[in-house]
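Next come the chains, spelled out residue by residue.
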Amino acid sequence: HHFVLEVATAALALLAFSRLEPWPRFLIYLLLFIAPVLLLIVVDWRCLILPNAITLPGIAAGFLVHWVDGKFFPVTTMHLSSLSLLLESFYGAAAGGLTLGLLAFAYQSLRKRPGLGMGDVKFAAMLGAFFGWKAIFFIFFAASILGIVVGGILILFRRQSLDMQLPFGSALGVVSLLFLFLGERMVQAYFHALRHLL
């Protein structure tokens, strides 16, 4: 597992270096987003936990990176104020944390057993701080689809129980890394597919 993590980190570092220019932007995302999220994916997959030691500082890192990104490396011609950037992170963190928190409470109330852990809630708040409230709902949707697909594969080929616990944090992490590099294309593909279905 350590080898896979090291290879994945190296591959994503190369991708980030080529896509996230200039180099200070690449370094900020590599250290404060990509490396922690990769670690969370692996830990949640293996142990079904998302450590506070990563998610809580990750929320603060989300505010910092979103502010730095918007202030010094804006991807659009519209420059937002520092307050606007910080508010975007706040709304994103609140939307991510509260949404999964309410879902976890509702699931436990109905099924009388936990479905989502508080680690998932904190991780969702972290991702919301990085990407904002609009993106976090798309990340939830895509991660849910990924979780269903992976869960279905495990049930079919590993003969797992329908009541098995799935590492939703790992799905959130994978989708958030894809969103970092392909966010706009992912959203466009979703709406394109939706138009054809309707």
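Data block above holds the structure.
The structure contained in this document is the topic of the report that follows. (Residues numbered from 1 in each chain as written. Predicted model: local features only at pLDDT ≥ 70, side-chain atom pairs only at ≥ 80, totals over all residues. Heavy atoms only, no water.)

## Focus: the overall build of the protein
Rules: Helix and strand assignments come from DSSP, with helices taken as H or I runs of at least 4 residues and strands as E runs of at least 2, each series counted from the N terminus. C-alpha atoms define the radius of gyration, and 2.2 Å times the number of residues to the power 0.38 defines the globule rule. Three labels apply to residues, based on accessible area from a 1.4 Å probe with only protein chains included: buried if under 20% of the type maximum, exposed if over 50%, partly exposed otherwise in between. Computed by Shrake-Rupley with a 1.4 Å probe, the accessible areas treat only the displayed protein chains as cover when residues are assessed.
Scanning the protein from terminus to terminus reveals seven helices and zero strands. Across the protein, helices and strands are ordered from the amino to the carboxyl terminus as α-α-α-α-α-α-α. Compactness check: the protein gives a C-alpha radius of gyration of 17 Å against a globular reference of 16 Å for 198 residues, within 12% of the reference. Projected onto its principal axes, the C-alpha coordinates of the protein cover approximately 50 × 40 × 35 Å. Counting every position in the protein, which comprises 198 residues, the buried fraction comes to 40%. As displayed, the protein has an accessible area near 11,800 Å², and 71% of this comes from carbon and sulfur atoms.

## Some remarks on the nonpolar core
What counts is decided by this rule: Within this scheme, the nonpolar core is defined by two criteria: the residues are buried Ala, Val, Leu, Ile, Met, Phe, Trp, Tyr or Cys, and they are joined through side-chain atoms within 4.5 Å. The contact criterion used throughout is that any non-hydrogen atoms of two residues lie within 4.5 Å.
Counting 47 residues, the largest nonpolar core has Phe33, Ile34, Phe123, Phe131, Leu172, Leu177 and Leu180 as the members making the most contacts within it. For this core, the secondary-structure elements that each account for two or more residues are α1 (2-19), α2 (23-47), α3 (52-72), α4 (82-111), α5 (118-131), α6 (133-157) and α7 (168-197). Sequence-distant contacts of Leu172, defined by excluding residues within four places in its chain, comprise Leu100, Asp120, Phe123, Leu127, Ile139, Phe140 and Ala143.

## Let's talk about a nonpolar patch on the surface
Stated precisely, the cut-off is as follows: Residues enter a patch when their relative accessible area is above 30% and they make no salt bridge; the linking distance is 9 Å between like charges and 5 Å between nonpolar side chains (Val, Leu, Ile, Met, Phe, Trp, Tyr). By salt bridge we mean one thing: a side-chain nitrogen of Lys or Arg within 4 Å of a carboxyl oxygen of Asp or Glu.
On the surface, Phe141, Ile145, Ile148, Val149, Ile153, Leu156 and Phe157 cluster together into a nonpolar patch covering about 760 Å² of accessible area. Note that Leu156 resides in helix α6.

## Looking at the environment of Val42
Residue position: Val42 is located in helix α2. On the basis of relative accessible area, Val42 is assigned to the partly exposed category, the value being 22%. Distance from Val42 to Gly173, taken between C-alpha atoms, is 9.5 Å for residues 131 residues apart in sequence.

## A closer look at α1
The condition is simple: Expected helix span is computed as 1.5 Å times (number of residues minus one). In this description, one arc is meant: the one made by directions from the helix axis to the C-beta atoms.
Here α1 is 18 residues long and its end C-alpha atoms lie 25 Å apart, about the 26 Å a rise of 1.5 Å per residue gives. For α1, every residue scored as buried is listed here: Leu5, Leu12, Ala13 and Ala16. Considered in projection along α1, the buried side chains sweep an arc of 110° and stay on one side of the axis. Turned more than 90 degrees away from the buried face of α1 sit Phe3, Val4, Glu6 and Leu14, all of them exposed. Where the residues of α1 are buried, they touch α2 and α7.

## Focus on the pattern of salt bridges
Should the charged atoms of two oppositely charged side chains come close, the side chains can pair. In total, this model carries one salt bridge according to the counting rule given. Here Arg25 and Asp69 are joined by a salt bridge, their closest N and O atoms 2.5 Å apart. Of the two residues, Arg25 is situated in helix α2 and Asp69 in helix α3; the sequence distance between them amounts to 44 residues. Relative accessible area serves as the criterion here: at 11%, Arg25 is assigned to the buried category.

## Here's the deal with the packing of α2 against α5
Worth spelling out the cut-off: Whenever a helix is involved, its axis is fitted only over the stretch in contact; in every case the axis is a line through C-alpha atoms, and angles between N-to-C directions fall within 0 to 180 degrees. Any angle between 65 and 115 degrees counts as roughly perpendicular, while under 35 counts as roughly parallel, over 145 as roughly antiparallel, and the rest as oblique. Each crossing is labelled by how the near helix is turned from the far one, with a counterclockwise turn of less than a right angle marking it left-handed and a clockwise turn marking it right-handed. Three residue categories are used. Nonpolar comprises Ala, Val, Leu, Ile, Met, Phe, Trp, Tyr, Cys and Pro, charged comprises Asp, Glu, Lys and Arg, and polar comprises the others, including Gly.
Look at α2 against α5: their axes get within 13 Å of each other, and the N-to-C directions meet at 160°. By the angle between their axes, α2 is roughly antiparallel relative to α5. Between α2 and α5 the crossing geometry is left-handed. For the pair α2 and α5, the contacting residues are Leu32, Phe33, Val37 and Leu40 in the first and Phe123, Met126, Leu127, Phe130 and Phe131 in the second. When the residues that make up the contact of α2 with α5 are grouped by side-chain class, the tally is nine nonpolar, no polar and no charged.

## Some remarks on the packing of aromatic side chains
Each aromatic ring pair is specified by the distance between its two centres and by the angle formed by the two planes. Put simply, the rule is: Any Phe, Tyr or Trp ring, taking Trp's six-membered ring, that has another such ring centre within 6.5 Å forms a pair; planes under 30 degrees apart are called stacked, those over 60 apart edge-to-face, and the others tilted.
Within this structure, the stated rule accounts for eleven aromatic pairs. Ring geometry for Phe33 against Phe131: centres 5.4 Å apart, planes inclined by 90°, an arrangement best described as edge-to-face. Of this pair, Phe33 sits in helix α2 while Phe131 sits in helix α5, and the two are 98 residues apart along the sequence. Exposure remark for Phe33: the relative accessible area of 0% places this residue in the buried category.

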